[in-house]
Amino acid sequence: MLEIGWFSAKLFFKGKLLRDPIYFIQQTAIGVSIGFLLLVLLAQAEIPFWLPVVISSLVTGMIMPFLLKDFKMK
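This one's a predicted model, so the numbers in the text were calculated from it and none came from an experiment. (Residues numbered from 1 in each chain as written. Predicted model: local features only at pLDDT ≥ 70, side-chain atom pairs only at ≥ 80, totals over all residues. Heavy atoms only, no water.)

### With respect to the overall build of the protein chain
Looking only at helices and strands, the protein chain features three helices and zero strands. If you list the helices and strands of the protein chain from N to C, you get α-α-α. The C-alpha extent of the protein chain, read off along each of the three principal axes, is 45 × 25 × 15 Å. Considering only contacts in the protein chain between residues 6 or more positions apart, those separated by 24 or more positions represent 62%. (Helix = DSSP H or I, 4+ residues; strand = E, 2+ residues; numbered from the N terminus. Contact = heavy atoms within 4.5 Å.)

### Digging into the packing of helix 2 (residues 21-43) against helix 3 (residues 50-67)
For the pair helix 2 and helix 3, the least separation of the axes is 9 Å and the interaxial angle reads 155 degrees. Taken together, the axis directions place helix 2 and helix 3 in an arrangement best described as roughly antiparallel. In this structure, helix 2 crosses over helix 3, and the sense of that crossing is right-handed. Along its contact with helix 2, which presents Tyr23, Gln27, Thr28, Ile30, Gly31, Ile34, Gly35, Leu38, Leu39, Leu42 and Ala43, the element helix 3 presents Pro52, Val53, Ile55, Ser56, Val59, Thr60, Ile63, Met64 and Leu67. Class assignment of the residues belonging to the contact of helix 2 with helix 3 gives a composition of 14 nonpolar, six polar and no charged. (Axes fitted to C-alpha atoms, helices over the stretch in contact; angles between N-to-C directions. Parallel < 35°, antiparallel > 145°, perpendicular 65-115°, else oblique. Left-handed = near helix turned anticlockwise from the far one by under 90°. Nonpolar A, V, L, I, M, F, W, Y, C, P; charged D, E, K, R; others polar.)

What follows is the structure in structure tokens.
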């Protein structure tokens, strides 16, 4: 398993893993922005800080598969 991860990392850094790296970066940035915005908005509430972290992490984790559903690798 580590060998597969190492091979994927080498291909990624050589620029041969992703077909459309701009699409990947764009979709990832959208997901991270939504998660960050949700974290900042929920952190303003009078609740313990761990709750906004958990909620924003779960929401971000749930939307990433939808954002990257058309993601293609070489």
